[in-house]
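Examination of the molecular architecture
Listed here are the chains, written in short residue letters.
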Amino acid sequence: MKIAILSRRPQLYSTRRLVEAAKARGHTVRVIDTLRCYMNISSHHPSIHYRGESLDGFDVVIPRIGASITFYGAAVLRQFEMMGVPTLNSSLALTRSRDKLRSFQLFSKRGIGLPVTGFADSPDDIDDLIQLVGGPPLVIKLVEGTQGIGVVLAETKQAASSVIEAFLGMKAHIMIQEYIKESNGADIRCFVIDNKVVAAMRRQATPGEFRSNLHRGGKATLVKITPEERAMAIRAVKIMGLNIAGVDMLRSDRGPLIMEVNSSPGLKGIEHATEKDVATAIILCCEKYAKKTKRNYRLKG
Ligand code: ADP
Ligand code: MG
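Summary of the structure given here. The shown structure was predicted, so the numbers you read here are calculated from the model rather than taken from an experiment.

Inspection of the entire model under this criterion finds zero disulfides. For the unlinked cysteine Cys37, the closest cysteine sulfur is that of Cys286, found at 17 Å. On the basis of relative accessible area, Cys37 is assigned to the buried category, the value being 2%.

So, in structure tokens, the structure goes:
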């Protein structure tokens, strides 16, 4: 097969591992810088151009699209779809999962366990919203944030109102969440490929920190997940419509609670913590998916 990996950083561990795994399975693979793709969408023959050449003949595209380029990245991915090239995660599923508000609304409708969460736009409604989510301590999050940046723990009502006021004053989109104290600064990342959890790790925050993100100094170890956690991770990914995803959940007194579903999950942390070959599992999924999709491809907007 001819595989395209959409990634801005060929030297990144995840990209390198995917290239390595694809080659080991006998495929031709090319890393394409998402932001250097340009497109002709005016003709009947959609095309993508890259550094002066037309990108043709790919059997499947693996998107590795960072949160900061979701809009353009989704457009490039959609263009491949318009050309009839299967994309491992579709542009629609990618945009759906990147919008935390939208994902939470879909999860809540389908009865997925979630921390009690509120959204607001107007500072006038802060007091009521704080009440609505059960009062302090609360976690306040920037909807567009990643890697733990923009996630704040407010222990008192005053702290919560000032942080919310400041964020809303900056016209940021925020969500206000019940603080799951009993998770003790740890969360579980389930790596889901083709409706199966292929690897899972527990991330523990450094002492004095509640955010377990590896970028914030969190430490990852192998974890055995419960059947309930496994089933919930798979369901969440299905609801998002993704073929591969990283599902983050908190262990609470009332069972697993989903925090987010990441459509371009990193491979470094999970492969090191679990010693599993996740990259090859992704390539195997590509092989199956490309074959299945080529036969009955439908254009989706
Ligand atoms: P990001 O997208 O920036 O990673 P998250 O929503 O995943 O934001 O939050 C970052 C980390 O903060 C989580 O991995 C978790 O350890 C901690 N955290 C987030 N929300 C809560 C919460 N409601 N209760 C307890 N800990 C939380
Ligand atoms: Mg996170």
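The rest of the description comes next.
On to the pairing of strand E1 (residues 2–6). Here E1 lies mainly inside the structure; four of its five residues are buried. Direction of pairing for E1 relative to strand E2 (residues 28–32): parallel, over a ladder of five bridges. Across the sheet, the residue bridging to Lys2 is Thr28, located in E2. With helix H1 (residues 13–24) bridging E1 and its parallel neighbour E2, the resulting β-α-β unit is right-handed.

A few words on the site of ligand 1. Lys141, Gly148, Glu178, Ser212 and Asn213 are the nearest of the 20 residues found near ligand 1. Here Gly148 contributes a backbone N or O atom positioned 2.7 Å from an oxygen atom of ligand 1. Secondary-structure elements contributing two or more residues to the shell around ligand 1 are strand E8 (138–142), strand E10 (174–178) and strand E15 (255–262). Here the residues of the shell around ligand 1 sort into seven nonpolar, seven polar and six charged. Looking at the shell around ligand 1, you find at least three residues from each of domain 2 (117–179) and domain 3 (182–263).

Counted by the stated rule, this structure contains 15 salt bridges. With a closest N to O distance of 2.6 Å, Asp248 and Arg189 form a salt bridge. With a gap of 59 residues between them, Asp248 in strand E14 (residues 244–252) and Arg189 in strand E11 (residues 186–193) connect regions that are remote in the sequence. By the burial criterion, Asp248 is buried, and Arg189 matches it.

Moving on to the sheet that holds strand E4 (residues 47–50). Pairing in this open sheet of three strands is antiparallel, and the strands run E3-E4-E5 from one edge to the other. Each having just a single partner strand, strand E3 (37–40) and strand E5 (53–54) make up the two edges of the open sheet. Bridge analysis of E4 against E5 gives two bridges, and the strand direction is antiparallel. Paired with His49 across the two strands is Ser54, which belongs to E5. Contacts from helix H2 (residues 70–82) reach E3 and E4 within the one sheet, and its direction differs from that of E3 by about 55 degrees.

Bringing the environment of Ile149 into the picture now. Summarising the element assignment, Ile149 is placed in the loop between E8 and strand E9 (151–154). With a relative accessible area of 51%, Ile149 lands in the exposed category.

Taken in spatial order, the four strands make up an open sheet running E7-E10-E8-E9, and their pairing is antiparallel. The open sheet is flanked by strand E7 (117–120) and E9, the only strands paired with a single partner. Pairs of neighbouring strands in the sheet enclose a mean axial angle of 25 degrees, with direction left out of account. Two elements, E7 and E10, share four bridges in a ladder whose sense is antiparallel. Looking at the pairing, Ala120 lines up with Ile174 of E10. Against the sheet, helix H6 (residues 157–169) contacts E7, E8, E9 and E10, and its axis sits at roughly 10 degrees relative to E8.

Moving on, we come to the packing of helix H4 (residues 100–109) against helix H7 (residues 227–240). In a pair of packed helices, the angle between the axes and the distance between the axes together describe the arrangement. At a closest axis distance of 10 Å, the pairing of H4 and H7 adopts a crossing angle of 120 degrees. Judged by the angle between their axes, H4 and H7 are oblique. For H4 against H7, the interelement crossing comes out right-handed. Contacts from Ser103, Leu106 and Phe107 of H4 reach H7 at Ala236, Ile239 and Met240.

For the rest of this paragraph, the subject is the side chain of Arg211. Note on placement: Arg211 falls in the loop between strand E12 (196–204) and strand E13 (219–222). Other than its neighbours up to four places away in sequence, Arg211 contacts Gly148, Val151, Ala205 and Arg216.

A separate point is the packing of aromatic side chains. One pass over the full model with this rule turns up one aromatic pair. Their ring planes at 85 degrees and their centres at 6.0 Å tell us that Tyr179 and Phe210 sit as a pair that is edge-to-face. In this pair, Tyr179 is assigned in the loop between E10 and E11 and Phe210 in the loop between E12 and E13, connecting sequence segments 31 residues apart. Using a relative accessible area of 22% as the deciding quantity, one classes Phe210 as partly exposed. Sitting over the ring of Phe58, Lys2 keeps its end group 4.7 Å from the ring centre.

What counts, and at which threshold
- Residues numbered from 1 in each chain as written.
- Chains lettered and ligands numbered in written order.
- Predicted model: local features only at pLDDT ≥ 70, side-chain atom pairs only at ≥ 80, totals over all residues.
- Heavy atoms only, no water.
- Disulfide = S-S within 2.5 Å.
- Buried < 20%, exposed > 50% of the residue type's maximum accessible area, 1.4 Å probe, protein only.
- Helix = DSSP H or I, 4+ residues; strand = E, 2+ residues; numbered from the N terminus.
- Pairing = 2+ DSSP bridges.
- Right-handed = clockwise from strand over helix to strand, strands pointing away.
- Near = heavy atom within 4 Å.
- Polar contact = N/O pair within 3.5 Å; in protein donor to acceptor, adjacent residues only side chain to side chain.
- Nonpolar A, V, L, I, M, F, W, Y, C, P; charged D, E, K, R; others polar.
- Domains from an automatic or database assignment.
- Salt bridge = Lys/Arg side-chain N within 4 Å of Asp/Glu carboxyl O.
- Contact = heavy atoms within 4.5 Å.
- Axes fitted to C-alpha atoms, helices over the stretch in contact; angles between N-to-C directions.
- Parallel < 35°, antiparallel > 145°, perpendicular 65-115°, else oblique.
- Left-handed = near helix turned anticlockwise from the far one by under 90°.
- Phe/Tyr/Trp six-rings, centres within 6.5 Å; stacked < 30°, edge-to-face > 60°.
- Lys NZ or Arg CZ within 6 Å of the ring centre and 35° of its normal.

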